[in-house]
Amino acid sequence: METKVLSQKPLGNLTQFWEDLKAIAGPYWYPIDRKGRAFSEVIASWGMLSLLILLIIGLVASNAVNSFVNRYLVDVIIQDKDPSKFLNILLIYALTLFLITLFTAFSRFARKRIIINWYQYLNQQVLEKYLGNRAYYKINFRSDVDNPDQRLAQEIEPIARNAVNFAAIFLEKVLEMLTFLIILLSISKLAAAVLLIYTIIGNLIAAYLSQELDKITQEELVSKANYTYSLTHVRNHAESIAFFQGEKQELNIIMRRFNTVLKNSISKIDWEKNQDIFNRGYRSVIQIFPFVVFAPAYIRGEIDFGQVNQAIIACSMFANGFTELISEFGSSGRFSSYVARLSEFSQALEVVIQQPKQGSIIKTIENNHIAFEDMTLETPDYEKVIVENLSLSVEPGQGLLIVGPSGQGKSSLLRAIAGLWNSGKGRLIRPSLEEFLFLPQRPYIILGTLREQLLYPKTNNQMSDAELEAVLQQVNLQNVVTKVDSFDAVVPWENILSLGEQQRLAFARLIVSHPNYVILDEATSALDGENEERLYQQLHETKATFISVGHRESLFKYHQWVLELSQDSSWRLTSISDYVSPKK
């Protein structure tokens, strides 16, 4: 799936943005669910936030005091020329600088701790929702939700970081600007009034520049996501591309997307140039302003040089504060995009785990056998009937083989047993899913050690190396350990093992876990007859009840019954002997 352009403009719909932000921030800062965060954790978060606010206030106050100390220090040097006063004020000046250093360092530390704690909570909450109730599987049927992996990996942390940084910088710079405006007011009311009017005009211009830059930033975010996806697509389909020798075509596709990224980046650079010119020009005027206003007054003897120096500092701090605010507002477009996308993703996860409203669902009953009672299975979107009014029972210890034309829902029936698809009507009776082991055509290879591969999904089980070696011997994989010299080596197993070896590895999991029920979806399609026979013999020795999907006639001898699905959603259940005999 590709990333789509968001329908809403950055911060264009403030009401929607605020609702999305509350939905994301509320459970962390204002939990109302009894099953939410512990009260002690909430108090700790607010305590850290309160500490950050106090540190910011301390920093602004220290900067204000420092401007007065600097003023007196200049007066002592130029007017009083008193060494003892100079040393005393110099010590105070050094102390204020030391305090500014401490407040700056600890405020940044507190800010980063708040960010990492909030990020950790957000990440855990979204992952739990993503991996709970099989939402990670069901979300793939939603065409309006793109790149879940990117949203999880790249778009959660920026929300916490941008929100905390923006709030902290906004508070600090607004307090700073107000403080130094008051200081300037104490020196000259006229100068303060002119500076305030100048700031209002500057804010209007900055808001326009930021709005245009927000649009470009959002487009850049989308284009980069599409470019990243094209590279991931090549990695995931490397073998197919190599077989087709499609490198040139893939390069053209990737370069088209890269050119879109480049175009957006160039457009962003142009607008950032305009913003930089404005920011620098705005600051330059403010830096010249105190000399124009206060230098003549000093020359006339109306104020001392220390006041001139303090006015220069006040104007400079005011200009710096304004520039940083503009910079933060300039990044608000990306922030609002992240908020909108995470809110959209979170809402989609909640929707997919709910029972469908547009159609009926199959009733699942847990019992100690597998049976279908007048069951009609449909695709999740209710647009196609896969099998209609299916009624049969699989006796314990027996094997059922499902056959039929390609694309007629053989694997879909297995999905219904696994609880992945439940659109339709009728009843499905099966044991608890914990008693099942599913062996797909392409086995799932986890990111872990060989030991974990064999023990999956119950990787907390304990088995010695000798026991695992015996299991590998049973499935004709005894040479795998020699490739890595250890059961605890972490290597890219999906690249090291062929598909046939991966299918044998899946049967090794069967031997390790001893399931009562096994579902096989063409689980031996990449194996030769000898290995297939060896593995099905191992399956028979477990006394498990199993259901297989396959096309090979060699599978007939391992099963007692055949379920044949037809293109018109009808079905036929026959014994293996009756199914095979007409073909002889």
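The rules behind these values
- Residues numbered from 1 in each chain as written.
- Predicted model: local features only at pLDDT ≥ 70, side-chain atom pairs only at ≥ 80, totals over all residues.
- Heavy atoms only, no water.
- UniProt positions renumbered as here; feature names shortened; annotations may be inferred.
- Helix = DSSP H or I, 4+ residues; strand = E, 2+ residues; numbered from the N terminus.
- Rg over C-alpha atoms; globule rule 2.2 N^0.38 Å.
- Buried < 20%, exposed > 50% of the residue type's maximum accessible area, 1.4 Å probe, protein only.
- Patch = residues over 30% accessible without salt bridge, like charges linked within 9 Å, V, L, I, M, F, W, Y side chains within 5 Å.
- Areas by Shrake-Rupley, 256 points an atom, 1.4 Å probe, with all protein chains shown as cover.
- Salt bridge = Lys/Arg side-chain N within 4 Å of Asp/Glu carboxyl O.
- Expected span 1.5 Å × (residues − 1).
- Contact = heavy atoms within 4.5 Å.
- Polar contact = N/O pair within 3.5 Å; in protein donor to acceptor, adjacent residues only side chain to side chain.
- Pairing = 2+ DSSP bridges.
- Axes fitted to C-alpha atoms, helices over the stretch in contact; angles between N-to-C directions.
- Core = buried A, V, L, I, M, F, W, Y, C linked by side-chain atoms within 4.5 Å.
- Lys, Arg positive; Asp, Glu negative; His and termini not counted.
- Domains from an automatic or database assignment.
- Parallel < 35°, antiparallel > 145°, perpendicular 65-115°, else oblique.
- Left-handed = near helix turned anticlockwise from the far one by under 90°.
- Nonpolar A, V, L, I, M, F, W, Y, C, P; charged D, E, K, R; others polar.
- pLDDT = per-residue confidence, 0-100.

The protein chain carries the name ABC transporter in an unreviewed UniProt entry, which gives Phormidium sp. LP904c as its organism. Recorded in UniProt for the protein chain, the comment headed Subcellular location (unreviewed entry) runs: "Cell membrane".

On to the overall build of the protein chain, then. Along its length, the protein chain carries 19 helices and ten strands. Taken against the 2.2 N^0.38 rule, which gives 25 Å for 584 residues, the C-alpha radius of gyration of the protein chain at 34 Å runs more than 25% over that of a compact globule. With the C-alpha coordinates of the protein chain rotated into their principal frame, the extents come out at 120 × 55 × 50 Å. A total of 584 residues make up the protein chain; the buried ones form 45% of that total.

On to a nonpolar patch on the surface, then. Among the surface-exposed residues, L95, F98, L99, L102, F106 and F109 lie close enough to one another that they form a single nonpolar patch of about 570 Å² accessible area. Relative to the helices and strands, F98 resides in helix 3 (residues 83-131).

Taking 1.5 Å per residue as the helical rise, helix 3 with its 49 residues ought to reach 72 Å, and the 71 Å between its terminal C-alpha atoms agrees with that figure. Backbone geometry just downstream of helix 3 places N133 in the positive-phi region, at approximately 55 degrees.

Tracing the backbone shows S230 in helix 7 (residues 189-236). C-alpha separation for the pair S230 and F258, spaced 28 residues apart in sequence, amounts to 9.6 Å. Residues contacting S230, with those up to four places away along its chain left out, are I254 and R257. Side-chain polar atoms of S230 contact the backbone oxygen of Y227, separated by 2.6 Å.

Further remarks concern the pattern of salt bridges. Evaluation of the coordinates by the stated rule reveals 15 salt bridges. Close ionic contact of R341 with E155 constitutes a salt bridge, the shortest N to O distance being 2.7 Å. With R341 in helix 11 (residues 332-352) and E155 in the loop between helix 5 (148-154) and helix 6 (157-187), the pair connects residues that are 186 residues apart, well separated along the chain. Owing to a relative accessible area of 2%, R341 belongs among the buried residues under this scheme. Here E157 makes a salt bridge to R161, at a shortest N to O gap of 2.9 Å.

In spatial order, the strands read 1-5-2-3; together these four strands make up an open sheet with mixed pairing. Each of the sheet's edge strands pairs with one partner strand only, and the pair in question is strand 1 (363-366) and strand 3 (385-394). Taken over all neighbouring pairs, the strand axes of this sheet differ in orientation by 15 degrees on average, direction set aside. Of the strands in this sheet, strand 2 (370-378), strand 3 and strand 5 (424-430) touch helix 12 (residues 410-417), which is tilted by about 120 degrees from strand 2.

Ranked by size, the top nonpolar core spans 42 residues in total, and within it L439, L450, L454, F507, V518, L520 and L539 carry the most contacts. Once residues within four sequence positions are removed from consideration, L439 is found in contact with A506, F507, L510, V518, I519, L520, D521 and A523. Core analysis: the next-biggest nonpolar cluster, separate from the first, contains 36 residues, Y28, A135, I139 and I159 among them.

Another aspect to go through is the side chain of D521. For D521, the position within the fold is in strand 7 (residues 517-521). Of the side chains with opposite charge, R415 comes closest to the buried, unpaired D521, at an N-O distance of 6.0 Å. The residues contacting D521, other than those within four sequence positions of it, are S411, L414, L439, P440, Q441 and V549.

Parsing the protein chain into structural domains produces domain 1 (10-351) and domain 2 (361-578). Once you take the C-alpha centre of each, domain 1 and domain 2 turn out to be 52 Å apart.

A few words on the sheet that holds strand 8 (residues 545-549). If you walk across this open sheet you meet the six strands as 6-7-8-4-9-10, and the pairing is mixed. Edge positions in the open sheet fall to strand 6 (436-439) and strand 10 (571-575), since each of these has one partner strand only. Ignoring which end each strand starts from, the neighbouring axes of this sheet average 15 degrees apart. Where helix 12 meets the sheet, its contacts fall on strand 4 (399-403), strand 6, strand 7, strand 8 and strand 9 (561-565), and the angle it forms with strand 7 comes to roughly 150 degrees. Contacts from helix 18 (residues 529-541) reach strand 7 and strand 8 within the one sheet, and its direction differs from that of strand 8 by about 150 degrees.

Turning our attention to the packing of helix 2 (residues 39-80) against helix 3. Helix packing for two helices is described by the angle between their axes and how far apart those axes are. Interaxial distance between helix 2 and helix 3 falls to 8 Å at its minimum, and their mutual angle equals 160 degrees. In terms of orientation, helix 2 lies roughly antiparallel with respect to helix 3. Considering how the two elements wind past one another, helix 2 and helix 3 form a crossing that is left-handed. Taken together, the residues of the contact of helix 2 with helix 3 sort by class into 23 nonpolar, eight polar and four charged.

Next up on the list: the packing of helix 2 against helix 6. Where helix 2 contacts helix 6, the axes come no closer than 10 Å and their chain directions differ by 30 degrees. In terms of orientation, helix 2 and helix 6 fall into the roughly parallel class. As for the relative orientation of helix 2 and helix 6, their crossing is right-handed in sense. Contact with helix 2, carried on its side by L52, I53, I56, I57, L59, V60, N63, A64, S67 and F68, involves A168, L171, E172, L175, E176, T179, F180 and I183 of helix 6 and no other residues of that element. Looking at the contact of helix 2 with helix 6, its residues break down into 13 nonpolar, three polar and two charged.

Let us look at the confidence of the model for the protein chain. Here the protein chain shows a mean pLDDT of 85. Residues at 70 or above account for 95%. Taken element by element, the protein chain is modelled with least confidence in helix 10 (residues 305-330), mean pLDDT 76, and with most confidence in strand 2, mean pLDDT 95.

We now examine helix 2. With 42 residues, helix 2 extends 59 Å between its outermost C-alpha atoms, agreeing within 8% with the 62 Å of an ideal straight helix rising 1.5 Å per residue. Taken from the residues just after helix 2, K81 is the one with a positive phi, measuring 50 degrees.

Let us look at the pairing of strand 4. A large share of strand 4 lies buried, amounting to five of its five residues. Burial along strand 4 is two-sided: G399, L401 and V403 facing one way and L400 and I402 facing the other are all buried. Looking at chain direction, strand 4 and strand 8 are connected through four bridges and run parallel. Bridge assignment links L400 to a residue of strand 8, and that residue is I547. Pairing of strand 4 with strand 9 involves four bridges; the strand directions are parallel.

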